[in-house]
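The primary structure of each chain is shown beneath.
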Amino acid sequence: MVATGSHCAFLVFSKIISTGSYLPEKILTNDDLSKFVDTSDEWIRTRSGIRSRHIAADFEATSDLAVAAANNALQAAGLAASDIDLLIVATTTPDVIFPSTACIVQDKLGANKAAAFDIQAVCSGFVYALSVADKMVASGAHQNALIIGAEIYSRILNWKDRTTCVLFGDGAGAVVLTQSEAPGILATKLHADGSRRNILNVPGHVRNGIVYGDPHVHMDGPAVFKMAVNVMADVCVETLAMANMTAADIDWLVPHQANVRIIDATGKRLGVPPEKTIVTVQGQGNTSAASIPLALDTSVRDGRIKSGDLVQTVAVGGGFTWGSALIRW
Ligand code: UT7
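These numbers were taken from a predicted model, which means no experiment stands behind them.

Draft legend 1. View of the site of the ligand. Near the ligand there are 21 residues, and of these Thr39, Arg47, Arg162, His256 and Asn259 occur at the shortest range. A distance of 3.0 Å separates a nitrogen atom of the ligand from a polar backbone atom of Gly221. Here Asn259 contributes a side-chain N or O atom positioned 2.5 Å from an oxygen atom of the ligand. Calculation on the ligand without its partners gives an accessible area of 960 Å², and the protein chains cover 72% of this total. Put simply, the parts of the chain that give the shell around the ligand at least two residues each are helix H2 (41-48), helix H6 (162-165), helix H7 (221-242) and helix H8 (260-270). Counting residues per element, the shell around the ligand draws most heavily on H7, which supplies four residues. Each residue belonging to the shell around the ligand can be placed in one class, and the counts come to eleven nonpolar, six polar and four charged.

Have a look at this one:
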């Protein structure tokens, strides 16, 4: 592919050059939860691996979490907000119906040269956003993209429903993606099956100023579990094949952090051992679109993911949506 932009006469690819993240200060443990909902630390840990999650303060909006993660990623990249010309926020919990959270983040950051929009693919949102941004940067149309996954799920949970409220948390993660002569994003593959939209959703909606239906997360846990385990390894294999690679080439598997049992099953089906799999769900719960960039930031900063490593991300979420991105770090 040859870019036609005046500044790029070389083959253009996109590459992640930095990561950042933000977790709200307040931590809610399983024991805290068991004081107001009929559950136990033992049940939550054995079924999901989760021990605690972060909860946003009343004064924090999703855009605030996103801005904190973005500033962290910009600092690591050595870039200013004004260097960003594409800003995508993956979120299912936007500040308001419109404008997009990305436009609010653009203003708060001062990224005034950036095109800005949201992507709504629930827990697959970050992988969807990364795939879209890769195409926009690799075409030569955009130079520096900021891709953020940010969520405040605590505001769409029914805190009396023990089957959902124990599983989710709040947070944000971000990456900076820039033009590169060497390939960074090697392949991406996205899927959706709207016929399965009812197994994980927020059915409530606003019409003429009135909320109709329940505006909280509803989930058929076992159906989601089965679907996730089936599709995650498959889309990894599909993405690896696009790059003429196999699971043996993977240095780090960074799956959506919903549940350790789903992560373990995906690793087993794919043939990636636990020591090559990044798991952060224990202290964060399921942060939906934020979970993969949060996990990337953790493992880059603690030195596990290093330059040159082959990293495979894979996500699954409401919609139903799923997808994978294969990344040369
Ligand atoms: O991004 C994707 C987001 N979603 C997911 O990743 C969720 C995927 N699903 C799962 O991870 C699992 O299905 C769950 C963790 C949600 C549930 O685990 P499970 O082994 O499938 O349990 P279950 O739903 O079959 O429920 C088993 C029992 C039920 O009691 P009975 O009917 O057997 O008496 C539930 O009522 O556990 C009960 N239960 C709880 N007990 C204590 C459900 N939630 C809780 C709870 N505490 N929080």
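Still more ground to cover, so stick around.
Draft legend 2. Examining the side chain of Thr266 more closely. Mapping Thr266 onto the fold places it in helix H8. Judged by relative accessible area, Thr266 falls into the buried class, the value being 0%. Within the structure, the side chain of Thr266 is placed 2.8 Å from the backbone oxygen of Ile262, a separation counted as a polar contact.

Draft legend 3. The arrangement of the sheet that holds strand S13 (residues 252-255) in detail. Across the sheet, which stays open at both edges, the four strands sit in the order S8-S15-S14-S13 with mixed pairing between neighbours. In the strand order of this sheet, the two ends are held by strand S8 (185-192) and S13, each with one partner. The mean inter-strand angle of the sheet, taken between neighbouring strand axes irrespective of direction, is 10°. Relative to strand S15 (residues 321-328), strand S14 (residues 310-317) is paired through eight bridges, and the arrangement is antiparallel. Opposite Val316, over in S15, you have Trp322 as the bridge partner. Most of the contacts of helix H5 (residues 125-138) go to S8, to which it runs at about 130°, and overall it touches S8, S14 and S15. Sitting on the sheet, helix H10 (residues 291-301) is in contact with S13 and S14, with an inclination near 155° to S14.

Calculation criteria
- Residues numbered from 1 in each chain as written.
- Predicted model: local features only at pLDDT ≥ 70, side-chain atom pairs only at ≥ 80, totals over all residues.
- Heavy atoms only, no water.
- Near = heavy atom within 4 Å.
- Polar contact = N/O pair within 3.5 Å; in protein donor to acceptor, adjacent residues only side chain to side chain.
- Areas by Shrake-Rupley, 256 points an atom, 1.4 Å probe, with all protein chains shown as cover.
- Helix = DSSP H or I, 4+ residues; strand = E, 2+ residues; numbered from the N terminus.
- Nonpolar A, V, L, I, M, F, W, Y, C, P; charged D, E, K, R; others polar.
- Buried < 20%, exposed > 50% of the residue type's maximum accessible area, 1.4 Å probe, protein only.
- Pairing = 2+ DSSP bridges.
- Axes fitted to C-alpha atoms, helices over the stretch in contact; angles between N-to-C directions.
- Contact = heavy atoms within 4.5 Å.

So far we have only geometry, and geometry alone does not tell us how the molecule works.
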